[in-house]
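Secondary and tertiary structure notes
Residue strings, one per chain:
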Protein chains: 2
Amino acid sequence: MGGDHAPDEIVQGAAEASLALTSAEIILVGDASVLGRLLPRMRHDGARVRVHHAGSHVEMDEKPSEALAAKPDASILVAAQLVANGEGDALVSAGNTGAAVLACARSWPLLDGVRRAALAAVYPTELRRGEKDDPFSLILDVGATIEATAEDLVTFAVMGSAYAKLMSANRRPRVALLSNGSEANKGTPEVIAAHAALVETTELNFIGNVEGLDIPRGVADVIVTSGFVGNVVLKMLEGVSETVVRLARYAHKERLAWRLGLLALSSAIDQLKQITDWQQYGGAPLLGFAHPFIKAHGRSNARAVTNAVKVAHKALAGNLTGNIARTMAELDERTKRSQRSEK
Amino acid sequence: MGGDHAPDEIVQGAAEASLALTSAEIILVGDASVLGRLLPRMRHDGARVRVHHAGSHVEMDEKPSEALAAKPDASILVAAQLVANGEGDALVSAGNTGAAVLACARSWPLLDGVRRAALAAVYPTELRRGEKDDPFSLILDVGATIEATAEDLVTFAVMGSAYAKLMSANRRPRVALLSNGSEANKGTPEVIAAHAALVETTELNFIGNVEGLDIPRGVADVIVTSGFVGNVVLKMLEGVSETVVRLARYAHKERLAWRLGLLALSSAIDQLKQITDWQQYGGAPLLGFAHPFIKAHGRSNARAVTNAVKVAHKALAGNLTGNIARTMAELDERTKRSQRSEK
């Protein structure tokens, strides 16, 4: 029921996913009368999609905690509880991000060793040929944990690495800490302490600190930062994209020579727009809980929703949460060993 | 002696400033034999420029504290001390930023009521016609104070507003706090507390929180944040600019139609590059000390150096430090009054 194009595009996306994924069952959670009317109109695999009723839903602009308090039967809460009860294995939503994160936090346990969850976002970087297949990087946290301790930042590094490994088939994702300088002693006390801990890990391919300059370049596969900074960075990438597009339009109106030039350049500009427009890569995983949650962008169309369902399916098939839990246990074991050897 | 094009372009810039500013005296601090050889070769006003010897200087890539410890006669230290002793009124440098900030911190007192200094940077925003004359915004701190308390953020707001008022002839600069949401309760505890304090001020035109999205748009004239976040944001703007330029070059090589299009569009691309390239606006003021320091970009040429000297001159002529001190005293007075009335 959530997202700018709900419910039509969401149901359409689920219907398409039911045809594309031959080993998944999709439960559409929301107003049964609305969803039950929409689904039969769309091509789908009837054995793989079903509707589960929820009496209300959270609007995109509602305040998360107030909305969940007022609507205990909101579709996002019902869906998170279905997953908590084992009726579902993963959750996908294009709705209110804050409400979805809160619903997961209330319904799902955190993985062992994880103190705080992180929302990760994929953003586009300069094309890299050969050296790296995907022109994407992952940045986390982008808003679930506003203030992150050193321990939280290390956990985010583990979770981001596990996600990149699985999604980009990248065996040793390059993990970096975002800071105000490349040296180990640069940053807030939390960043400096996280750096010191991360250089000790052998489980991660930690490449050190990166600076703001390195974000659009794509120097790292996974960039780790607090939710406050990650949120500013992610929204800034969106703002820069808008500015580029508006400037192109401004140029368009200005002169005949520019107009002709723009016409000739339109595919290059599309490419530039694609590369600066993180929104097209939609799905943002919430990491740290016992179950995967994939947040599709609010503006998702059916294709984006299908992709988000595929990502959730891949997270399950590749045992994302199990991989995170295993690495957290390894880190914990290492810490205990080094504490014992110090005694 | 500092900057990528020192000493030639620095001396040239000072020489030009001596002709442009009829009420300023410029003291060139550095190796007297080098500077004394260069200066006579350039057109300058001999009554307005003189050389003051310093036995060494800090290199661009030296570690600030180590360099200053090893070189007590470094030009930046000698220059800061000249200003502290009243032989100079303001300082300009294109050299090592960290060393310059440290030299000021060791030689100059902070203004009354200021606990931490801030380095401010001017960055380009989308062109705004009518509504706003300059397509610039000021962001502070960008690296002098990595962790800022709520009190520090309020001080940065006062200092940034005073600077924008003077430099852009903007009577009521719009001051905003950078956060992860526009609501007053969004952000780190420091940002939330600073917001609460800033809405109480009548001395400032506080427009509330802005998000990353608003940075390139230019919604605010002054954006206030911690040195950690400001540094990431500023370097990211630089990185995005580089990416745009590289993508344009990539498109250039790719196809004949694109190449022709680029040719026709070259002035629009120059415009885009100008707008995304913060470096051309060079001068970054260090605010909070009893004397103004203008940090010209390391890549400054003579024209940029002349501009930085003009900015320093304007800061003195407009009594920048006095204006900051007055507003800080007004805020302090208000706080005391409200504390008295609460008793």
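Conventions used here
Residues numbered from 1 in each chain as written. Chains lettered and ligands numbered in written order. Predicted model: local features only at pLDDT ≥ 70, side-chain atom pairs only at ≥ 80, totals over all residues. Helix = DSSP H or I, 4+ residues; strand = E, 2+ residues; numbered from the N terminus. Contact = placed C-beta atoms within 7 Å. Axes fitted to C-alpha atoms, helices over the stretch in contact; angles between N-to-C directions. Parallel < 35°, antiparallel > 145°, perpendicular 65-115°, else oblique. Left-handed = near helix turned anticlockwise from the far one by under 90°. Nonpolar A, V, L, I, M, F, W, Y, C, P; charged D, E, K, R; others polar. Buried ≥ 20, exposed ≤ 12 C-beta atoms within 10 Å, placed from the backbone. Right-handed = clockwise from strand over helix to strand, strands pointing away. Core = buried A, V, L, I, M, F, W, Y, C linked by C-beta atoms within 7 Å. Domains from an automatic or database assignment. Pairing = 2+ DSSP bridges. Arc of directions from axis to C-beta. Expected span 1.5 Å × (residues − 1). pLDDT = per-residue confidence, 0-100.

Tallying secondary structure elements over chain A gives 12 helices and 10 strands in all. In chain A, the share of contacts with a sequence separation of at least 24, taken over all contacts with a separation of at least 6, comes to 71%.

Time to look at the packing of helix 6 (residues 150-167) of chain A against helix 7 (residues 189-198) of chain A. Residues and elements named next belong to chain A. As a packed pair, helix 6 and helix 7 sit with axes 8 Å apart at the nearest point and diverge in direction by 50°. When the axes of helix 6 and helix 7 are compared, the pair comes out oblique. For the pair helix 6 and helix 7, the sense of crossing is right-handed. In contact with Ala150, Leu153, Val154 and Ala157 of helix 6, helix 7 contributes Glu190, Val191, Ala193, Ala194, Ala197 and Leu198. A class-by-class count of the residues in the contact of helix 6 with helix 7 yields nine nonpolar, no polar and one charged.

Most of strand 1 (residues 26-30) of chain A is tucked away, with four of its five residues classed as buried. Crossover connection from strand 1 of chain A via helix 2 (residues 32-38) of chain A to parallel strand 2 (residues 49-53) of chain A: handedness right-handed.

Here we come to the nonpolar core. If you look at the biggest cluster of nonpolar residues, it comprises 210 residues, and the most contacted ones within it are Ala120, Ala157 and Val224 of chain A together with Ala120, Leu140, Ala157 and Val224 of chain B. Split by domain, the residues of this core number at least three in each of domain 1 (1-114 + 288-343) and domain 2 (116-279) of chain A. Not counting the four nearest positions on each side in its chain, Leu140 of chain B is found in contact with Ala118, Leu119, Ala120, Phe156, Met159, Gly160, Val224, Gly230 and Leu287 of chain B.

So, about the domain arrangement of chain A. Residue and element names in this part refer to chain A. Segmenting chain A into domains produces domain 1 (1-114 + 288-343) and domain 2 (116-279). On the side of domain 2, 15 residues touch domain 1, which itself brings 20 residues to the contact. Elements that contribute at least two residues to the side of domain 1 that touches domain 2 include exactly helix 5 (97-107), helix 11 (302-317) and helix 12 (320-342). The greatest single-element share of the side of domain 1 that touches domain 2, amounting to seven residues, is contributed by helix 12. Each residue belonging to the side of domain 1 that touches domain 2 can be placed in one class, and the counts come to 11 nonpolar, five polar and four charged.

What follows covers unusual backbone geometry. Residues and elements named next belong to chain A. With omega at 0°, the peptide bond leading from Leu140 into Asp141 counts as cis. Structurally, the position occupied by Asp141 is in the loop between strand 5 (136-140) and helix 6. Positive phi is not limited to glycine here, since Asn319 has a value of about 55°. By the C-beta count within 10 Å, which is 13 here, Asn319 ends up partly exposed.

Residue and element names in this part refer to chain B. Spatial strand order, 3-10-9-4-5-8-6-7: eight strands in an open sheet with mixed pairing. Every other strand in the sheet has two partners, leaving strand 3 (91-93) and strand 7 (205-210) as the edge strands with one partner each. Taken pair by pair, the neighbouring strands of this sheet meet at an average axis angle of 25°, ignoring direction. In this structure, strand 3 lies alongside strand 10 (residues 293-295), joined through three bridges in parallel fashion. For Leu91, the partnering residue across the bridge sits in strand 10 and is Phe293. Across the sheet, helix 6 (residues 150-167) lies against strand 4 (118-124), strand 5 (136-140), strand 6 (174-178), strand 7, strand 8 (222-224) and strand 9 (284-287), angled at about 165° from strand 8, the strand it touches most. Contacts from helix 7 (residues 189-198) reach strand 6 and strand 7 within the one sheet, and its direction differs from that of strand 6 by about 160°.

Quick look at the environment of Gly181 of chain A now. All names here are of chain A. Turning to its location among the elements, Gly181 is positioned in the loop between strand 6 (174-178) and helix 7. Between the C-alpha atom of Gly181 and that of Glu211, which follows or precedes it by 30 residues, the distance is 5.8 Å. Beyond its immediate stretch of four places on either side in the chain, Gly181 contacts Lys186, Asn209 and Glu211.

Moving on to helix 7 of chain B. All names here are of chain B. Taken residue by residue, helix 7 has Val191, Ala194, His195 and Leu198 as its buried positions. Taken around the axis of helix 7, the buried residues stretch over an arc of 105°, which confines them to a single face. Those residues of helix 7 hidden inside the fold are in contact with helix 6, strand 6 and strand 7.

Here we take up the sheet that holds strand 5 of chain A. Residue and element names in this part refer to chain A. Read across the open sheet, the eight strands follow the order 3-10-9-4-5-8-6-7; overall the sheet is mixed. Of all the strands in the sheet, just strand 3 (91-93) and strand 7 (205-210) have a single pairing partner and so form its edges. Strand-to-strand, the axes of this sheet are offset by a mean angle of 25°, without reference to chain direction.

Let us now look at helix 1 (residues 8-20) of chain B. Residue and element names in this part refer to chain B. With 13 residues, helix 1 should reach 18 Å at 1.5 Å per residue; the first-to-last C-alpha distance of 18 Å fits that figure. The complete set of buried residues in helix 1 reads Glu9, Ile10, Val11, Gln12, Gly13, Ala14, Ala15, Glu16, Ala17 and Ser18. Against the buried residues of helix 1 lie strand 1 (26-30), helix 2 (32-38), strand 2 (49-53) and helix 11 (302-317).

All names here are of chain A. Inspection of the secondary structure assignment puts Thr225 in the loop between strand 8 (222-224) and helix 9 (227-254). When the 30 C-beta atoms within 10 Å are taken as the criterion, Thr225 is described as buried. Taking the C-alpha atoms as reference points, Thr225 and Lys310, separated by 85 residues in sequence, lie 27 Å from one another. Here Thr225 is in contact with Ile139, Asp141, Leu178 and Gly230, once residues within four sequence places are set aside.

Turning our attention to the confidence of the model for chain A. Residues and elements named next belong to chain A. When pLDDT is averaged across chain A, the result is 88; 85% of the residues are at 70 or more. Confidence, expressed as mean pLDDT per element, reaches its minimum in chain A at helix 10 (residues 256-276) with 56 and its maximum at helix 4 (residues 75-84) with 98. Throughout residues 275-279 the model reports pLDDT below 50, and contacts reaching past four residues in sequence, or to other chains, amount to 17 contacts.

Attention now goes to the pairing of strand 2 of chain B. Where strand 1 of chain B and strand 2 of chain B come together, five bridges link them in parallel fashion. Across the sheet, the residue bridging to Gly30 of chain B is His53 of chain B, located in strand 2 of chain B.

Another aspect to go through is the environment of Glu151 of chain A. Residues and elements named next belong to chain A. Mapped onto the elements of the fold, Glu151 is located in helix 6. Given 16 C-beta atoms within a 10 Å radius, Glu151 is considered partly exposed. With 96 residues separating them in the primary sequence, Glu151 and Gly55 have C-alpha atoms 40 Å apart.

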